[in-house]
Amino acid sequence: MLPVAVVISGRGSNMEAIARAAQGPDSRYRVVRVIADRPTAGGLARAAALGLPTSVVPVKEFADRSAFEAALSAEIDASGAALVALAGFMRILSPEFVQRFEGKLLNIHPSLLPHYKGLDTHARVLAARDTHHGASVHYVTAELDGGPVVMQGRVRVSAGDTPESISARVHALEHIIYPHVCSLIASRRIEWRCGSVYFEGEPLVAPLIEENDAAA
Ligand code: GRF
């Protein structure tokens, strides 16, 4: 069983999807700890309701980023996690932190990376009149939202979509692709080797795609 820690800042719906999938009989991973950077994160109550250990590393109580990251690292180490899933974690991590967890750190971003790095992705996609939108699960590297993408979920943008409507469909896909990537890593079908991603023993040249036009 691959031990996974999930790190959150907010409501934690991706954390819940990852945790619920882990409770299935065939899961090869389990969630060993949910860590939040603020005590008000709604996901903490969701995690507790699922019977998961939780902890808070309260970012506001640390003098600087390096002190916060030292505490976060210690919490992850103490959990025994071999994989760390950032799920709505709203802080930018230092290159040193990322380096320390290289190949073990995942993130989910609400866009079809490399498009729309950063914030407000749904509104930006609509403003650009793109035909497709989605979410990406990627390994974290020192470049913000720039690490190798493992899997993307794609939805079609419909006429009349609002940031809220498209966000809801993207979120639904996120809840499919993030647990899926955790499973693929747990079963070693996806592997990180020396800075590159391999799928079933071959270099992954393009992200795995989950289409969901039915939801569009
Ligand atoms: C998701 O849209 C994810 O892509 C982004 O933050 C949001 C987290 O949502 N990184 P939740 O807290 O998992 O509900």
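Above: the structure in question.
Read on for a plain summary of the structure. The shown structure was predicted, so the numbers you read here are calculated from the model rather than taken from an experiment.

What follows is about the site of the ligand. Surveying the vicinity of the ligand reveals the residues Arg11, Gly12, Ser13, Asn14, Gly88, Ile108, His109, Pro110, His171 and Glu174. In the environment of the ligand, an oxygen atom lies 2.8 Å from a nitrogen or oxygen atom belonging to the backbone of Asn14. For the ligand, the accessible surface in isolation is 370 Å², of which the surrounding protein chains cover 87%. For the ligand, the cavity whose grid points lie within 2 Å of the majority of its atoms is the largest pocket. Elements with a minimum of two residues in the shell around the ligand: α1 (13-22), β5 (105-109) and α6 (163-186). Here the residues of the shell around the ligand sort into 2 nonpolar, 6 polar and 2 charged.

To continue, consider the sheet that holds strand β9 (residues 196-199). Strand order in the open sheet formed by 3 strands is β8-β9-β10, with antiparallel pairing between adjacent strands. For this open sheet the edge positions go to β8 (190-193) and β10 (202-203), each flanked by a neighbour on one side alone.

Along α1, 8 of the 10 residues are buried, which leaves the element largely enclosed by surrounding structure. The complete set of buried residues in α1 reads Ser13, Asn14, Met15, Glu16, Ala17, Ile18, Ala19 and Ala22. Considering only its buried residues, α1 is in contact with β1 (2-8), β2 (29-36), α2 (43-49), β4 (83-86), β5 and α6.

If you look at the biggest cluster of nonpolar residues, it comprises 46 residues, and the most contacted ones within it are Tyr29 and Val31. At 10 residues, α6 tops the list of elements feeding residues into this core. Setting aside anything within four residues of it in sequence, one finds Tyr29 in contact with Met1, Leu2, Val4, Ile18, Ala21, Ala22, Pro179, Cys182, Ser183 and Ala186. If you look at the next biggest cluster of nonpolar residues, it comprises 19 residues, including Ala5, Leu72, Phe97 and Phe101.

The tally for this structure, following the rule as stated, stands at 3 aromatic pairs. Taking 4.8 Å as the distance between ring centres and 40 degrees as the angle between the ring planes, the aromatic pair formed by Phe97 and Phe101 counts as tilted. Residues Phe97 and Phe101 agree in their burial class; the two are buried. The ring of Tyr198 has Arg193 lying over it, and the distance from NZ or CZ to the ring centre is 4.3 Å.

A few words now on the packing of α1 against α6. Two elements in contact, α1 and α6, have axes separated by 9 Å at closest approach and are oriented at 45 degrees. It follows that α1 is oblique to α6 by the angle criterion. The interaxial crossing formed by α1 with α6 has right-handed handedness. Residue-level inspection shows Ser13, Asn14, Ala17, Ile18 and Ala21 of α1 in contact with α6, the latter providing His171, Glu174, His175, Tyr178, Pro179 and Cys182.

Assignment of secondary structure puts Ser136 in strand β6 (residues 132-139). One polar contact links Ser136 to Gln152, side chain to side chain, over a distance of 3.0 Å. Contact partners of Ser136, with chain neighbours within four places excluded, come to Asn107, Ile108, His109, Ser111, Leu112, Leu113, Val149, Met151, Gln152 and Ile177.

The next point concerns the pairing of β9. Pairing of β8 with β9, which is carried by 4 bridges, proceeds in the antiparallel orientation. The residue of β9 that forms the bridge with Glu191 is Tyr198. Sheet topology note: the β9/β10 ladder contains 2 bridges and is antiparallel. Within β10, the residue paired with Phe199 across the bridge is Glu202. The turn linking β9 back onto β10 is made up of 2 residues, and Glu200 within it adopts a positive phi angle of 50 degrees.

If you trace the 8 strands from one edge of the open sheet to the other, you get β3-β2-β1-β4-β5-β6-β7-β11, paired in mixed fashion. A strand with exactly one partner marks an edge of an open sheet, and here the two such strands are β3 (54-56) and β11 (208-211). Mean inter-strand twist for the sheet, computed between neighbouring axes without regard to direction, equals 20 degrees. In this sheet, β3 lies alongside β2 in parallel orientation, the contact comprising 3 bridges. The residue bridging Ile35 from the neighbouring strand is Ser55, located in β3. In the packing of helix α3 (residues 65-79) onto the sheet, the strands contacted are β1, β2, β3 and β4, and the crossing angle to β2 comes to about 155 degrees.

Reading guide: rules and limits
- Residues numbered from 1 in each chain as written.
- Predicted model: local features only at pLDDT ≥ 70, side-chain atom pairs only at ≥ 80, totals over all residues.
- Heavy atoms only, no water.
- Near = heavy atom within 4 Å.
- Polar contact = N/O pair within 3.5 Å; in protein donor to acceptor, adjacent residues only side chain to side chain.
- Areas by Shrake-Rupley, 256 points an atom, 1.4 Å probe, with all protein chains shown as cover.
- 1 Å grid on protein atoms, 1.4 Å probe; cavity = no way out; pocket = protein on both sides within 12 Å on 5 of 7 lines; lining within 4 Å.
- Sits in = over half its atoms within 2 Å of the grid points.
- Helix = DSSP H or I, 4+ residues; strand = E, 2+ residues; numbered from the N terminus.
- Nonpolar A, V, L, I, M, F, W, Y, C, P; charged D, E, K, R; others polar.
- Pairing = 2+ DSSP bridges.
- Buried < 20%, exposed > 50% of the residue type's maximum accessible area, 1.4 Å probe, protein only.
- Contact = heavy atoms within 4.5 Å.
- Core = buried A, V, L, I, M, F, W, Y, C linked by side-chain atoms within 4.5 Å.
- Phe/Tyr/Trp six-rings, centres within 6.5 Å; stacked < 30°, edge-to-face > 60°.
- Lys NZ or Arg CZ within 6 Å of the ring centre and 35° of its normal.
- Axes fitted to C-alpha atoms, helices over the stretch in contact; angles between N-to-C directions.
- Parallel < 35°, antiparallel > 145°, perpendicular 65-115°, else oblique.
- Left-handed = near helix turned anticlockwise from the far one by under 90°.

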